[in-house]
Every structure is written in structure tokens, then in C-alpha cells.
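In case you want the letters, here they are:
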Amino acid sequence: MQMLCTLRRWLRGLEPRARAHLERGWLARYQPWLEQRALFRFQRQPLARGVAAGMFCGLIPGPLQIPGTLLVCAWLRGNIVAGGVATFYTNPLTTVPLYVLAFYLGALVMPGTHTLPAWSSVVPGGDFSVQALGTWMQALGAPLLVGLPTLGLVMAVLGYATVQLLWLAPALQRKRRLARSR
């Protein structure tokens, strides 16, 4: 619990630095809008919304993850920093397993039977390349298109709930200690 309290204090310490960056340069003219949207507040609700936005947008392909997260954070009034950091759960090592999971989730949601195409059936030589990965992802088809947003929603709900629980854990522990001491 001490680590959670330290993390909370560290996050709250970031807020003055983020505000200082807002007062300088080209962001200064957008400061009233940014302040209204709570995009740089390190409090429980904006952080949870930012993590949820980052978890959802983390499944967007490639370079559109961060711009998508910024837009969703602005719409949901979530923390941009938390949203950007949360997108990093997808990386070159986790993308393929997440897409396979999304395919199976989409196949579960969609009617009919769907099978995961084998890598060797899509790429004759079996060599890994970006083009081969793109061909394999196209072969995944409709179950992937349904599974990605579904998995994104599941990840967003899990991220939101995790931040809420971690933020409230020290307060709940203090409440239990106080109840025991009475």
C-alpha cells in the first residue's frame, strides 16, 4: 500500500509541471479549453478515463494509437499522459497474440464457425515480414474486425476498474484499520 501512496503523490507532483508547460508556447492559447477538459489532471476520475481510452485505442494499428487516444481523452475528459502510457501494452511482441485473441473473441461473438488461418497457408515461404503480417491479418477477416473493438472495450473496462481500485485501495485500508481500532 505504501507503493500506491507513493505513486499517487508522484502523479500529483506531475500536475504543476504539466501546467507549467501549458502556460508556455503555442499551448498557451488552448489552455482554457485544456483546463476545462481535465486533460492534465492527475486525479482518480481523469486518470481512470485516460487509462481506459489508452487501453481501447491501443488496439488501433500503428501510428494512429496516440492521436486516437488524444481525441478520445479530449472527448471523455481523461488524462492524456495516462492514456498515452496505457497504449504501450501493445508492442511488437504483444500485437500478434492480441490480434489472435481478438479473432477468437470476434469468432465467439459472430454467428457461424470461424477458424484461424495458419501462417503457412497465407505466407507460402513461411518467412516473417511486414507484408506477410499484413496478408495474414487480412486473412483473419470479419472476426478480427468485430473482435478488435470488442477486445478494446473489455480492455478499457478492465483498465478503468483497475485504476479505480488501485486509487481507492489505501483509503479502504485506512477505513479497515480505523474500524479495527474502535
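These numbers come from a predicted model, not from an experiment.

Procedures and definitions
- Residues numbered from 1 in each chain as written.
- Predicted model: local features only at pLDDT ≥ 70, side-chain atom pairs only at ≥ 80, totals over all residues.
- Heavy atoms only, no water.
- Helix = DSSP H or I, 4+ residues; strand = E, 2+ residues; numbered from the N terminus.
- Contact = heavy atoms within 4.5 Å.
- Areas by Shrake-Rupley, 256 points an atom, 1.4 Å probe, with all protein chains shown as cover.
- Buried < 20%, exposed > 50% of the residue type's maximum accessible area, 1.4 Å probe, protein only.
- Patch = residues over 30% accessible without salt bridge, like charges linked within 9 Å, V, L, I, M, F, W, Y side chains within 5 Å.
- Salt bridge = Lys/Arg side-chain N within 4 Å of Asp/Glu carboxyl O.
- Axes fitted to C-alpha atoms, helices over the stretch in contact; angles between N-to-C directions.
- Parallel < 35°, antiparallel > 145°, perpendicular 65-115°, else oblique.
- Left-handed = near helix turned anticlockwise from the far one by under 90°.
- Lys, Arg positive; Asp, Glu negative; His and termini not counted.
- Charge placed at Lys NZ, Arg CZ, Asp CG, Glu CD.
- Expected span 1.5 Å × (residues − 1).
- Nonpolar A, V, L, I, M, F, W, Y, C, P; charged D, E, K, R; others polar.
- Bend = angle between axes of the 7 residues up to and from the residue.

**Q** I'm lost on the overall build of the chain in this one. Help?
**A** The secondary structure content of the chain amounts to nine helices and zero strands. The linear arrangement of helices and strands in the chain, starting from the amino end, is α-α-α-α-α-α-α-α-α. Long-range pairs, those at least 24 residues apart, make up 68% of the contacts in the chain with a sequence separation of at least 6. Accessible surface computed for the chain: about 11300 Å², of which carbon and sulfur atoms make up 69%.

**Q** Explain unusual backbone geometry here, please?
**A** Glycine aside, a negative phi is what most residues show, and trans is what most peptide bonds show. Within the chain, Arg 77 stands out as a residue other than glycine whose phi angle is a positive 60°. Looking at the element boundaries, Arg 77 is found in the loop between α4 (65-76) and α5 (80-86). Look at Arg 77 and you get partly exposed, because its relative accessible area is 33%.

**Q** What should I look at first to understand a nonpolar patch on the surface in this one?
**A** A surface patch of nonpolar side chains, about 300 Å² in accessible area, is lined by Val 81, Val 85 and Phe 88. With respect to the helices and strands, Phe 88 occurs in the loop between α5 and α6 (95-109).

**Q** How should I be thinking about the packing of helix α3 (residues 44-57) against helix α9 (residues 142-181) in this particular structure?
**A** Each pair of packed helices can be summarised by the angle the axes make with each other and by the distance between the axes. The N-to-C vectors of α3 and α9 enclose an angle of 155°; their axes lie 7 Å apart at closest approach. In this view, α3 runs roughly antiparallel relative to α9, as classed from their interaxial angle. Crossing geometry of α3 relative to α9 is assigned as right-handed. In this structure, α3 contributes Arg 44, Gln 45, Leu 47, Ala 48, Arg 49, Val 51, Ala 52, Met 55 and Phe 56 to the contact, and α9 contributes Pro 149, Gly 152, Leu 153, Met 155, Ala 156, Gly 159, Tyr 160, Val 163, Gln 164, Trp 167 and Leu 168.

**Q** Would you mind showing me how to read a positive patch on the surface here?
**A** On the surface, Arg 174, Arg 176, Arg 177 and Arg 180 cluster together to form a positively charged patch. With respect to the element layout, Arg 177 can be found in helix α9.

**Q** What exactly am I supposed to notice about α4 here?
**A** Because each turn of an α-helix spans 3.6 residues, side chains separated by three or four positions in sequence point in the same direction. Between its first and last C-alpha, α4 extends 16 Å over twelve residues, near the 16 Å set by a 1.5 Å rise per residue. The complete set of buried residues in α4 reads Gln 65, Gly 68, Thr 69, Cys 73 and Ala 74. The positive-phi residue at the C-terminal boundary of α4 is Arg 77, with phi of around 60°.

**Q** Before we go on, may I ask you to explain the side chain of Thr 87 in this structure?
**A** Within the fold, Thr 87 resides in the loop between α5 and α6. Accessibility expressed as a relative area gives 0% for Thr 87, which makes it buried.

**Q** Would you explain the packing of α6 against helix α8 (residues 130-140) in this entry?
**A** At a minimum axis distance of 11 Å, the contact between α6 and α8 shows a crossing angle of 15°. Taken together, the axis directions place α6 and α8 in an arrangement best described as roughly parallel. Seen from above, α6 lies across α8 with left-handed handedness. Residue-level contacts link Val 96, Tyr 99, Val 100 and Phe 103 of α6 to Leu 133, Trp 136, Met 137 and Leu 140 of α8. In terms of residue class, the contact of α6 with α8 is made up of eight nonpolar, no polar and no charged.

**Q** Just checking my understanding: could you explain α9 for this structure?
**A** Taking 1.5 Å of rise per residue, the 40 residues of α9 would be expected to cover 58 Å, and the 58 Å separating its terminal C-alpha atoms lies within 8% of that figure. By the largest-angle criterion, Ala 169 marks the main kink of α9, which is about 40°, and a proline, Pro 170, follows within four residues.

These results come straight from atomic positions and should not be treated as a statement about function.
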